[in-house]
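Chain by chain, the residues run as shown.
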Amino acid sequence: MNEEKILIVRCGEVALKGMNKPYFERMLAERIHKRLKAAGYGKASVKRHEGLIFVRFDREWETMQLAGEISKVFGVASISPAVESESKMEAIGTEAVKFMERLCEERCVRTFKVEAKRADKQFPIKSPDIARQIGGYVLKGLKVLKVDVHNPDVRLFVDVRHDKSYIYSDKISGFGGLPLGTNGKGLVLLSGGIDSPVAAWMMAKRGMMIEAIHFHSYPYTSPRAQEKVEDLAKIVASYCGSFKMHVINILPIQEQIVKNCPEAETTIHVRRFMMRIAEKIAERNSAMMLITGENLGQVASQTAEALVVTDNCVKMPVMRPLIAMDKIDIIAKAQEIGTFETSIEPYEDCCTVFLPKHPTTKPQLDKIEISDSKLDIDTLVENAIAEEEIINIRA
């Protein structure tokens, strides 16, 4: 590269990982590089140094576009466009004046405050004195500016390190969390609703790789309903990378449940079959756990009693990251990550097919198991999986 721009990327929870910190930093740097490569910035340099990640790129590239791409990488706490200087006071002061001069051209800046950090404890000047001296350089170089330590227009940060120092003003927030691939793989039961895409996103934020399973009841549910789910999956993939979505027609199972089981139990039995099928597919694809968007008490199948009965039919752990969230908070998160508008498109899903008028809210396991005995569970599960369709969702 000829002239370069620099982004300083700060790790979130990764910074607390003790002896494992280098592994998490390496994974985060790899994820950032993959993200930038997929966005067409493959020539950008991504390197770890002293607990930070530095991204260097061609000056012709748009800084905020790269920062926006990086902000979607789980594990990133914040990003700052920065300039670099030698770790000598005169050099830092000169670059600080140039930096503030450019900032004044771009914004209405009248006041500033310098905040310095001496990462290199061998540097002979302490942080408060660095801030005071750099402030003096700026005041001398730009006489229109004044210092305001309480409510400045700009906070000018100076990070002094052993070989180089860095000057910046903005901190662009990332999502935090942990880098993808550091916490195994889970299979999310992905519907066309608001909740399950958010659940998938939240588990991916904790470092978990994602695959998905979607159930439909064609021809009672339309192809457009499935397309809606694929659209949601693509939005989720923009954060957590490409993944497989396993598509299962559960209609033959629903018909057998309606034929052989009490109407009030229909929803619980369908849910239990979904979990059985999901567990089989998870095991075959090296997923460690199931993920659902269930929220305690939201609907009849999500009461405490119903969840206990649902979990009883599988051995695999079931993660419910939304379990105690208020609906308004789930909606806010869906809006933040961009899934909400797609989720509320008015297309039916399989849960509305054969919906009982009065579903049981407090199912009893012994009664559910009596109804189970009227069904050939293993055959129904294997037949459903045999007709599985796999769709590759691209980031």
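What comes next is a walk through the structure. Since the structure is predicted, the reported quantities are computational estimates derived from the model, not experimental observations.

1. What about the pairing of strand β2 (residues 45-49)?
Then comes step 1: One ladder, built from 5 bridges, connects β2 with strand β3 (residues 52-58); its direction is antiparallel. Along β3, the bridge assignment pairs Ser45 with Arg56.
Then comes step 2: Here β2 hands over to β3 after 2 residues, with Glu50 in that stretch at a positive phi of 50°.

2. Describing the packing of aromatic side chains
Then comes step 1: Under the criterion given, the structure shown has 10 aromatic pairs.
Then comes step 2: On the basis of an interplanar angle of 65° and a centroid distance of 5.1 Å, the ring pair of Tyr41 and Trp61 is categorised as edge-to-face. You can see Tyr41 sitting in the loop between α1 (21-38) and β2 and its partner Trp61 sitting in the loop between β3 and α2 (63-71), a full 20 residues away along the chain. Across the pair, Trp61 and Tyr41 agree in class, each one buried.
Then comes step 3: Geometrically, the ring pair formed by Trp201 and Tyr239 is edge-to-face, given 6.0 Å between the ring centres and 90° between the ring planes. Linking Trp201 in helix α5 (residues 195-205) with Tyr239 in helix α6 (residues 223-240), this pair joins segments that are 38 residues apart in sequence.
Then comes step 4: Counting every residue linked through ring pairs, the aromatic cluster contains Phe74, Phe175, Trp201 and Tyr239.

3. Considering the pattern of salt bridges
Then comes step 1: Applying the stated criterion across every chain yields a total of 25 salt bridges.
Then comes step 2: With a closest N to O distance of 2.7 Å, Glu115 and Arg155 form a salt bridge. Here Glu115, found in strand β5 (residues 111-118), pairs with Arg155, found in strand β7 (residues 154-160); they are 40 residues apart in sequence, far enough to count as distant.
Then comes step 3: Overall, the relative accessible area of 27% leaves Glu115 in the partly exposed class.
Then comes step 4: A salt bridge links Asp372 to Arg276; its shortest N-O distance comes to 3.2 Å. Of this pair, Asp372 sits in helix α12 (residues 365-372) while Arg276 sits in helix α8 (residues 266-284); the two residues are 96 residues apart in sequence, bridging distant segments of the chain.
Then comes step 5: Overall, Arg276 belongs to the buried group, its relative accessible area being 11%.
Then comes step 6: If you follow the salt bridges from partner to partner, you end up with Arg224, Glu227, Asp231 and Glu345 in one network.

4. Concerning α5
Then comes step 1: With respect to burial, α5 is a largely interior element, 9 of its 11 residues being buried.
Then comes step 2: The complete set of buried residues in α5 reads Asp195, Ser196, Pro197, Val198, Ala199, Ala200, Trp201, Met203 and Ala204.
Then comes step 3: Among the residues trailing α5, Gly207 stands out with phi positive, at a value near 95°.

5. Description of the sheet that holds strand β10 (residues 185-189)
Across a sheet, strands are paired by hydrogen bonds formed along the backbone, either parallel or antiparallel in direction.
Then comes step 1: One open sheet accounts for 6 strands, arranged β14-β13-β10-β11-β12-β15; its pairing is mixed. Of all the strands in the sheet, the pair left with one neighbour each is β14 (318-319) and β15 (389-393).
Then comes step 2: Pairing between β10 and strand β11 (residues 209-216): 5 bridges, direction parallel. Within the sheet, the bridge partner assigned to Leu187 lies in β11 and is Glu211.

6. Here's the deal with the nonpolar core
Then comes step 1: With 33 residues, the main nonpolar core has Phe74, Ile210, Cys240, Phe243, Met245, Ile291 and Ile393 as its most contacted residues.
Then comes step 2: Those elements giving two or more residues to this core turn out to be α5, β11, α6, β12 (243-249), β13 (289-291), α10 (327-337) and β15.
Then comes step 3: Those residues within four positions of Ile210 in sequence are excluded, and the remaining contacts are Gly186, Val188, Ala200, Met203, Ala204, Cys240, Phe243 and Ile291.
Then comes step 4: Formed by 29 residues, the second largest nonpolar core is a distinct cluster that contains Ile213, Met274, Cys313 and Val318.

7. Topic: the pairing of β11
Then comes step 1: Within β11, 7 of the 8 residues are buried, which leaves the element mostly enclosed by the surrounding structure.
Then comes step 2: In this fold, the crossover linking β10 to β11 by way of α5 has right-handed handedness.
Then comes step 3: Both β11 and β12 contribute to a ladder of 5 bridges, which runs parallel. The partner of Ile213 across the bridge, within β12, is His246.
Then comes step 4: Running through α6, the crossover from β11 to the neighbouring parallel element β12 is right-handed.

8. Considerations on the environment of Arg394
Then comes step 1: Tracing the sequence through the fold places Arg394 in the segment after β15.
Then comes step 2: A residue is classified by how much of its surface remains accessible, and Arg394, at 58% relative accessible area, is exposed.
Then comes step 3: Spatially, the C-alpha atoms of Arg394 and Val309 are 35 Å apart, while their sequence positions differ by 85 residues.
Then comes step 4: With near-sequence residues (within four places) excluded, Arg394 lies in contact with Lys234, Ala237 and Ser242.

Cut-offs applied
Residues numbered from 1 in each chain as written. Predicted model: local features only at pLDDT ≥ 70, side-chain atom pairs only at ≥ 80, totals over all residues. Heavy atoms only, no water. Pairing = 2+ DSSP bridges. Helix = DSSP H or I, 4+ residues; strand = E, 2+ residues; numbered from the N terminus. Phe/Tyr/Trp six-rings, centres within 6.5 Å; stacked < 30°, edge-to-face > 60°. Buried < 20%, exposed > 50% of the residue type's maximum accessible area, 1.4 Å probe, protein only. Salt bridge = Lys/Arg side-chain N within 4 Å of Asp/Glu carboxyl O. Core = buried A, V, L, I, M, F, W, Y, C linked by side-chain atoms within 4.5 Å. Contact = heavy atoms within 4.5 Å. Right-handed = clockwise from strand over helix to strand, strands pointing away.

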